[in-house]
2 protein chains.
Amino acid sequence: MISIERLRKLFGLVIALTLLSVCFAFAQAPANWQSNADWKRASTNTRTGEFPKIGTDGKVAFQYRAPDAENVQLQISGGPYEMTKDEEGIWSIVIDTPAPGLNFYAFVVDGVSVSDPSSTFFFNGSWRSAVEIPSPGEDFYEIRHVPHGQVREFWFFSTVTQTFRVMYVYVPPDYENELSKRYPVLYLQHGGGENETGWIQGGRANFIMDNLIAENKAEPMILVVNSGFAFRPDEAMDPGIEFLPGSSFEHMLLEDVIPTIDRNFRTLADREHRAMAGLSMGSLQTLQVGLTHLDQFAWLGVFSRPPTPFDAESQFNGVLNDPDALNDRLELFWWGAGTVEASINDKTREILQDFDDRGIGYTFFESPGTAHDWQTWRRSLFHFAQLIF
Amino acid sequence: MISIERLRKLFGLVIALTLLSVCFAFAQAPANWQSNADWKRASTNTRTGEFPKIGTDGKVAFQYRAPDAENVQLQISGGPYEMTKDEEGIWSIVIDTPAPGLNFYAFVVDGVSVSDPSSTFFFNGSWRSAVEIPSPGEDFYEIRHVPHGQVREFWFFSTVTQTFRVMYVYVPPDYENELSKRYPVLYLQHGGGENETGWIQGGRANFIMDNLIAENKAEPMILVVNSGFAFRPDEAMDPGIEFLPGSSFEHMLLEDVIPTIDRNFRTLADREHRAMAGLSMGSLQTLQVGLTHLDQFAWLGVFSRPPTPFDAESQFNGVLNDPDALNDRLELFWWGAGTVEASINDKTREILQDFDDRGIGYTFFESPGTAHDWQTWRRSLFHFAQLIF
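The structure contained in this document is the topic of the report that follows. All residue numbers here refer to positions counted from 1 along the written sequence of the relevant chain. Chain A is the first chain written and ligand 1 is the first ligand written, with later ones labelled in order. Given that the model is predicted, a residue must reach a pLDDT of at least 70 before its local features are reported, and side-chain atom pairs must reach 80 or more before they are shown or counted; all residues, however, enter totals for whole chains, interfaces and linings. Heavy atoms throughout the structure, all of them, feed into the side-chain values; hydrogens and water do not.

**Brief notes about the nonpolar core**
Working step 1: Joining through side-chain atoms within 4.5 Å is the link that ties buried Ala, Val, Leu, Ile, Met, Phe, Trp, Tyr and Cys residues into a set, and such a set is a nonpolar core. The buried label applies to any residue whose accessible area, calculated with a 1.4 Å probe on protein chains only, is under 20% of its type's maximum; exposed applies above 50%, and partly exposed to all values in between. The biggest cluster of nonpolar side chains holds 42 residues, and the ones touching the most others in it are A:Phe62 and B:Phe62.
Working step 2: Only heavy atoms enter the contact rule, under which two residues are in contact if any of them lie within 4.5 Å. Residue contacts for A:Phe62: discarding those within four places in its chain leaves A:Phe51, A:Pro52, A:Leu74, A:Ile76, A:Met83, A:Trp91, A:Ser92, A:Ile93, A:Ile95, A:Tyr105, A:Phe107 and A:Val131.
Working step 3: In this structure, B:Tyr187, B:Phe310, B:Phe355 and B:Ile360 belong to the second largest nonpolar core, which totals 41 residues.

Right under this line is the structure:
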């Protein structure tokens, strides 16, 4: 039987040897991110957060201070990765370029998952750290020297949920100057893992619209971003029903949100100037609410629809059984999926094959090399927004 | 020497006995928060976050799931508190009513500090979990059935820092309807631990203003909330200089922010209709920028000034040496401190005694029973806002 004392000594030796070899490796390594100006702080860091840092070669360096820890891992898509400790108790790792866009991550400190205090937090089931990885040649979602619209925090009381709720309303750059101008509206929904902050914070929908409008690639429009979760006072909070026919979400959107927006903003309040789009769970809501209320919406965007059953015959009050009427009513029936979200991509193609057979018109966009993440949805909004209104 | 095996067995016995006694204690306890409707989820929880829960007696129950952990503590003002584990690996504790208002907290899991994934996060050095504790008889900062203003996320490029920055601009409820009306502006700054999100998220400045305006207790006004940290490209990020004469923050506020606000919002753009207030570090900035630019501001609010040296003779271009001129120029010189932030309260009283000796007019508000926290600053804004414009 090995005593604790002996174990500790043995462990100390292993650590010392590891540190020595790490120091040696660093001495050999061309890039020392502690002093090298080529390593830049990620745009998602807090004001004082030094790490993660991104190298000119796209590699990413992470650090976490935990002098007492015996094991620290980096949890990120592609990982987990074992981190190594220096003599000051700082754990580090450099990894190859992760997926472009927003990557959620955490540290696992002796088995306990911890978010990075150096990071701005984004909502993904809970508030979590994330690092923005630049995508070479792709900057349509970055803030630029163009006129900026405003994102307005708008509080309202929902007659359906009987609670105060907040929505985020983007108004385009000229909204404050063209006081007699009225605008079309895109209702934009998040997925099951996000909340009402997602499309602005993670999706950068405001910067995408600013840039498109500045280049005359999209009509100046209002975006309205709501939580996709809504429950009546007597209803259990049960994720999984928000996209069913007659859900409280559907009632809230149609009875509370749209009238409130049309009353408080200079909208063009008809179906020809009203679009709805959503990602993942939000795409199911878009299909359900949009297809059963074609008197309200003329443009629909289905981003990364989950691979749940789809029955064109029976769903959506049967509107898919009359392709001519549908094609006539819908100005745009837009579908998108990333190449790396395989089951979603496959299911989408299966549905669109069925549309081909039925003669239902649609537009399909495939996001190259991206999965079920914000990069896919930023690109989806970028393409969808250019085609509406 | 004790073997690991024996230690483990001994530890297992201790855990078993502890669990047994905890179960027994719960069986005796009148309040079972798992089923009792008297326990309500805190308003700061995420949509699905069940805990913390607050009892009718003001006690607060916390839970954290960590089946493999050997020790979990709750870290909160008044703590740390040892939590106890149930047979499903869920750690719990019920504590007596913490301080009213927003309380930051964390769990320490086998020595590792972890935020609560059930909580909305607020910025306090880093993004952290916090629980809103109701304050009996005090609801001036709660959302009510009154007209609501909008908080607008406004992006601009700073000529001083040469970076894009965001500010949050509250416009009062009638701003969108009274299109020829112009409004006074309060520039409101956070402290060294907060960022530009603090006054809205933690301070609830928007709800405070909505409620005051609805009761005709305050003039409808615009609030402008900026980050108090600003650095030129060649300047190190050195907290501790932002309130010195001629800081980059001062330049940014005067050269970038105020002109941008006056250009983009319907302001009354003169000193009589422009106020500045700040908490902690922001109070030092208010004194420095305000007192040396009385051509720009006629109303100043000094909330919880840190107990750093104060030299009335030499500071602020000597304006405190001419009390008559100062009293004549300043419409309001407002100071506030909590009774529980002792050194700050003492220093404030010392400064105000000096003002008495000099004949400098001021208003002093003491927040009963509160420390260097949002409850003190919410109350400060509530009182200050009623006296300006």
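From this point on, the discussion continues.
**Considering helix α5 (residues 281-291) of chain B**
Residues and elements named next belong to chain B.
Working step 1: Along α5, eleven of the eleven residues are buried, which leaves the element largely enclosed by surrounding structure.
Working step 2: Per the convention used, a helix needs a DSSP run of H or I reaching at least four residues, while a strand needs a run of E reaching at least two, with both numbered from the N terminus. Looking at α5, one finds that the buried residues are Met281, Gly282, Ser283, Leu284, Gln285, Thr286, Leu287, Gln288, Val289, Gly290 and Leu291.
Working step 3: Taken together, the buried residues of α5 touch β14 (185-189), α4 (248-264), β16 (274-279), β17 (299-303), α6 (323-329) and β18 (332-338).

**Overview of the pattern of salt bridges**
Working step 1: Salt-bridge detection follows one rule: a side-chain nitrogen of Lys or Arg within 4 Å of a carboxyl oxygen of Asp or Glu. The final tally for this structure, using the stated rule, is 38 salt bridges over all chains.
Working step 2: Here A:Glu176 makes a salt bridge to B:Arg152, at a shortest N to O gap of 3.4 Å. On the criterion of chain membership, the pair formed by A:Glu176 in the loop between β13 (164-171) and β14 (185-189) and B:Arg152 in strand β12 (residues 150-157) is interchain, its members lying in two chains.
Working step 3: For the salt bridge of B:Arg271 with B:Glu272, the shortest nitrogen-to-oxygen distance reads 3.0 Å.
Working step 4: In this structure B:Arg271 comes out as buried when scored by relative accessible area, which is 13%.
Working step 5: Bridged by salt links that share partners, the residues A:Glu132, A:Glu142, A:Arg204 and A:Arg378 form one connected network.

**Quick word on the packing of helix α3 (residues 205-214) of chain B against helix α8 (residues 374-387) of chain B**
Residue and element names in this part refer to chain B.
Working step 1: It is the contact of α3 with α8, at a shortest axis distance of 10 Å, that shows an interaxial angle of 40 degrees. When the axes of α3 and α8 are compared, the crossing they make is right-handed. In contact with Ala205, Ile208, Met209 and Leu212 of α3, α8 contributes Arg378, Leu381, Phe382, Ala385 and Gln386.
Working step 2: For the contact of α3 with α8, the class distribution of residues is seven nonpolar, one polar and one charged. All axes are obtained by fitting lines to C-alpha atoms, using only the stretch in contact for helices, and the reported angles, taken between N-to-C directions, cover 0 to 180 degrees. Should the near helix be turned anticlockwise from the far one by less than a right angle, the crossing is termed left-handed; should it be turned clockwise, right-handed. We call Asp, Glu, Lys and Arg charged. Ala, Val, Leu, Ile, Met, Phe, Trp, Tyr, Cys and Pro are nonpolar, and the rest, Gly among them, are polar.

**Some details on the sheet that holds strand β6 (residues 84-85) of chain B**
Working step 1: Any two strands with at least two DSSP bridges between them are considered paired. Reading across from one edge, β1-β2-β3-β7-β6 (chain B) is the order of the five strands in this open sheet, with antiparallel pairing throughout. Each end of this open sheet is capped by a strand with a single partner; those strands are β1 (40-41) and β6 of chain B.

**What about the packing of aromatic side chains?**
Working step 1: Ring pairs are drawn from Phe, Tyr and Trp, using the six-membered ring of Trp, whenever the two centres fall within 6.5 Å, and their geometry is named by plane angle: stacked under 30 degrees, edge-to-face over 60, tilted for the rest. Summed over the entire model, instances satisfying the criterion amount to 54 aromatic pairs over all chains.
Working step 2: Note on B:Phe62 and B:Tyr105: the rings are 5.0 Å apart at their centroids and 65 degrees apart in plane angle, and the pair reads as edge-to-face. With B:Phe62 in strand β3 (residues 60-65) and B:Tyr105 in strand β8 (residues 101-109), the pair connects residues that are 43 residues apart, well separated along the chain.
Working step 3: Judged by relative accessible area, which is 0%, B:Tyr105 ranks as buried.
Working step 4: Taken together, the ring pairs in this structure connect A:Trp199, A:Phe303, A:Trp334, A:Phe365, A:Trp374, A:Trp377 and A:Phe384 into an aromatic cluster.
Working step 5: Consider the ring centre and the ring normal. A charge sits over the ring if Lys NZ or Arg CZ is within 6 Å of that centre and within 35 degrees of that normal. Note that A:Lys53 overlies the ring of A:Phe51, its terminal NZ or CZ placed 5.1 Å from the centroid.

**Some details on the side chain of A:Arg274**
All names here are of chain A.
Working step 1: For arginine 274, the location among the structural elements is in strand β16 (residues 274-279).
Working step 2: Separated by 2.8 Å, the side chains of arginine 274 and glutamine 296 make a polar contact.
Working step 3: The contacts of arginine 274, once residues within four sequence positions are left out, are Val185, Tyr187, Ile258, Asp262, Ala269, Gln296, Phe297, Ala298, Trp299 and Phe389. Polar contact criterion, stated in full: a pair of N or O atoms within 3.5 Å, where within protein one must be able to donate a hydrogen and the other to accept it, and residues adjacent in sequence count only if both atoms are side-chain atoms.

**Describing unusual backbone geometry**
Residues and elements named next belong to chain A.
Working step 1: Here the bond from glycine 79 into proline 80 is cis, since omega is 5 degrees, no more than 30 degrees from zero.
Working step 2: The residue aspartate 110 is not glycine, and still its phi comes out positive at about 45 degrees.
Working step 3: In this structure, aspartate 110 sits in the loop between β8 (101-109) and β9 (112-114).
Working step 4: Aspartate 110 sits in the partly exposed class, given a relative accessible area of 39%.

**Comments concerning the interface of chain B and chain A**
Working step 1: Of the residues lining the interface, 44 residues belong to chain B; the matching set on chain A comes to 45 residues.
Working step 2: In short, buried area is how much 1.4 Å probe accessible area vanishes from two parts on joining, totalled over both. Between chain B and chain A, roughly 3700 Å² of surface is buried when both sides are summed, and carbon and sulfur atoms account for 67% of that area.
Working step 3: Taken together, the links from chain B to chain A amount to two salt bridges.
Working step 4: Counting across the interface, chain B meets chain A through six residue pairs in polar contact (both at pLDDT 80 or more).
Working step 5: For the side of chain B that touches chain A, the secondary structure elements donating two or more residues are α1 (4-28), β9 (112-114), β10 (121-124), β11 (126-133), β12 and α3 of chain B.
Working step 6: Tallied by class, residues from the side of chain B that touches chain A come to 24 nonpolar, twelve polar and eight charged.
Working step 7: Taken together, the three bridges between strand β12 (residues 150-157) of chain A and β12(B) define a ladder with antiparallel strand orientation. Across the sheet, A:Glu153 pairs through a bridge with B:Val151, a residue of β12(B).

**Quick notes on the side chain of B:Arg379**
Residues and elements named next belong to chain B.
Working step 1: Along the chain, the position of arginine 379 falls in helix α8.
Working step 2: Polar contacts involving the side chain of arginine 379 include one to the side chain of serine 367, which spans 2.8 Å.
Working step 3: Within polar-contact distance, the side chain of arginine 379 engages the backbone oxygen of proline 368 at 2.8 Å.
Working step 4: When near neighbours in sequence (up to four residues on either side) are disregarded, arginine 379 contacts Ser135, Glu138, Phe140, Phe365, Ser367, Pro368 and Thr370.

**Overview of the pairing of strand β19 (residues 363-367) of chain B**
Residue and element names in this part refer to chain B.
Working step 1: Here β18 runs beside β19; their pairing, made up of five bridges, is parallel. Its bridge partner lying in β19, tryptophan 335 is registered against phenylalanine 364.
Working step 2: Taken together, β18, helix α7 (residues 342-358) and β19 form a β-α-β motif whose crossover is right-handed. Here is how to tell: hold the view so the strands point away, follow the path from the first strand over the helix to the second, and if it runs clockwise the crossover is right-handed.

**Quick look at the pairing of strand β17 (residues 299-303) of chain A**
Residue and element names in this part refer to chain A.
Working step 1: Of all five residues making up β17, five are buried, and the element is well covered by its neighbours.
Working step 2: Residues Trp299, Gly301 and Phe303 point to one face of β17 and Leu300 and Val302 to the other, with burial holding for every one of them.
Working step 3: Pairing between β16 and β17: five bridges, direction parallel. In the strand pairing of β17, leucine 279 is matched with phenylalanine 303.
Working step 4: Each parallel crossover has a hand, and for β16 linked through helix α5 (residues 281-291) to β17 it is right-handed.
Working step 5: Sheet topology places β17 next to strand β18 (residues 332-338); five bridges connect them, and they run parallel. In the strand pairing of β18, phenylalanine 303 is matched with glycine 336.

**Regarding the relation of the copies chain B and chain A**
Working step 1: Structural alignment of chain B on chain A gives an RMSD of 0.0 Å, achieved by rotating through 180 degrees and translating 0.0 Å along the axis. Given the turn and translation reported, the copies of this chain are related as if by a two-fold rotation axis. Taking the C-alpha atom as reference, chain B places B:Arg152 closest to the rotation axis, 2.2 Å from it.
Working step 2: Of the interface residues in chain B, 100% have counterparts in chain A that sit at the interface too, so the contact is made through matching surfaces. Only residues with pLDDT of at least 70 in both copies contribute their C-alpha atoms to the least-squares superposition of the copies.

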